[in-house]
Amino acid sequence: MSEMIEQFDALDWQNQPFDCAGCAFTALREAGRCELKKACVNDRYALRIDRFFNWNPEAAKDCLTHPYFEVRAIAAKHVEVFYLPRLMRDPDETVRWSAAQRLPQRQLMQMRDDPDREVRIRIAARLDPADLRSMMDDADYYVRTIVARRIPEGWLSQMMRDADREVRVEVARRIGPWQLQAMAADAESCVRLIAAERLAPEHLLALRGDDDCQVRHLVAQRIAPGQLGPLLEDEDEAVRQVALARRPH
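Residues numbered from 1 in each chain as written. Predicted model: local features only at pLDDT ≥ 70, side-chain atom pairs only at ≥ 80, totals over all residues. Heavy atoms only, no water.

> Explain helix α9 (residues 165–174) to me, please; I cannot follow it from the model alone.
Taken together, the buried positions of α9 are V167, R168, V169, E170, V171 and A172. For α9, the side-chain oxygen to backbone nitrogen distance between the N-cap and E166 is 2.8 Å, and the N-cap itself is D164. (Buried < 20%, exposed > 50% of the residue type's maximum accessible area, 1.4 Å probe, protein only. Helix = DSSP H or I, 4+ residues; strand = E, 2+ residues; numbered from the N terminus. Polar contact = N/O pair within 3.5 Å; in protein donor to acceptor, adjacent residues only side chain to side chain.)

Given below as structure tokens:
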């Protein structure tokens, strides 16, 4: 990859040819710490920009207002942490996303309402679980999914009726046993399946007649043998076989 990208012409972020004349980092070039078509902050290729900052991390702080978003985003990976708040309101979401990967918790909290979902996903993944309450109602389902994976268990009951099934799946995986019984009546079989996996055998009676054969199959494997009842004559052969193999003799 490195050898391939060095074959491409040196073009700046506006696709215009350029050379090293007049570059603000002439001293670095003279010191062998940057190289045209290989490690260059003025290039449009992210790999060359990244290599420049790998060689010269101290230069990152001087590039946080560069007109090319890739330069600002990559500089955010290398700059000292106390410079990162400058990028929290950057007009480009890629830059904000890059900053969010390293920002301290106090600044992360200020970005919970970022307009871009990818940024909020990063925030939800990094923020302290105790500070995620305001993101439980995020407009994006995947943000809420991450929140459901990380919030304290005691808050999960507030997400049991989330509009998206993927969020409810995450809730069902973690929620306490008493609330889990309510999720056994969820409209989506994938949620009910998780409930059937986690519920105590004595709480599986209501799922013996579930519409989904996968749920009934799991119930047939876990329910007490004396409670198999209708599963012994289930319309699905796989369910019926499991039930018959476990019936009391």
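> Looking at this structure, how should I read the pattern of salt bridges?
As enumerated under the stated definition, the model contains 16 salt bridges in all. Among the ionic pairs, K77 bridges to D50, the shortest N-O distance being 3.3 Å. Pair noted here: K77 is in helix α4 (residues 69–78) and D50 is in helix α3 (residues 46–55), with a separation of 27 residues, a long-range link. Here K77 falls in the partly exposed class, since its relative accessible area comes to 44%. (Salt bridge = Lys/Arg side-chain N within 4 Å of Asp/Glu carboxyl O.)

> Explain the nonpolar core to me, please; I cannot follow it from the model alone.
Generally speaking, nonpolar side chains in soluble globular proteins are found buried as a group. Within the largest apolar cluster, 71 residues are counted, with the highest numbers of intra-cluster contacts made by F53 and V147. Counting residues per element, this core draws most heavily on α4, at five residues. F53 has contacts with V41, A59, A60, C63, V71, I74, A75 and H78, leaving out every residue within four places of it along the chain. (Core = buried A, V, L, I, M, F, W, Y, C linked by side-chain atoms within 4.5 Å. Contact = heavy atoms within 4.5 Å.)

> What am I meant to see in the environment of R165 here?
Here R165 shows up in helix α9. Taking the C-alpha atoms as reference points, R165 and A139, 26 residues apart in sequence, are found 14 Å from one another. Leave out the neighbours within four places in its chain, and R165 touches E188, C190 and V191. A distance of 3.5 Å separates a polar atom in the side chain of R165 from a polar atom in the side chain of E188.

> How do you make sense of the environment of V171 when you look at a structure like this?
With respect to the element layout, V171 can be found in helix α9. Along the backbone, V171 and V119 are 52 residues apart, and their C-alpha atoms lie at a distance of 23 Å. Setting aside its immediate chain neighbours within four residues, V171 contacts A148, L156, M159, M160 and M183.

> Where do I start with the packing of aromatic side chains in this structure?
Within a pair of aromatic rings, the relevant descriptors are the distance that separates the centres and the angle that separates the planes. In total, this model carries six aromatic pairs according to the counting rule given. With centroids separated by 5.5 Å and ring planes inclined at 75 degrees, the aromatic side chains of Y68 and F69 adopt a geometry described as edge-to-face. Look at Y141 and Y142: their rings are 6.1 Å apart centre to centre, the planes differ by 70 degrees, and that puts the pair in the edge-to-face class. Look at Y141 and you get partly exposed, because its relative accessible area is 37%. Residue classification places Y142 among the partly exposed residues on the basis of a relative accessible area of 29%. What links up through ring pairs into an aromatic cluster is the set W13, Y68 and F69. Positioned over the ring face of W155 is R133, at 4.0 Å from the centre of the ring. (Phe/Tyr/Trp six-rings, centres within 6.5 Å; stacked < 30°, edge-to-face > 60°. Lys NZ or Arg CZ within 6 Å of the ring centre and 35° of its normal.)

> Please clarify how the packing of α4 against helix α5 (residues 93–100) should be interpreted in this entry.
Two numbers describe a pair of packed helices, the interaxial angle and the distance between the axes. Relative orientation of the contacting elements α4 and α5 amounts to 0 degrees, with a least axis distance of 8 Å. One element, α4, and the other, α5, form an angle in the roughly parallel class. Contacts from F69, R72, A73, A76 and K77 in α4 reach T94, V95, S98 and A99 in α5. Its residues assigned to classes, the contact of α4 with α5 comprises five nonpolar, two polar and two charged. (Axes fitted to C-alpha atoms, helices over the stretch in contact; angles between N-to-C directions. Parallel < 35°, antiparallel > 145°, perpendicular 65-115°, else oblique. Nonpolar A, V, L, I, M, F, W, Y, C, P; charged D, E, K, R; others polar.)

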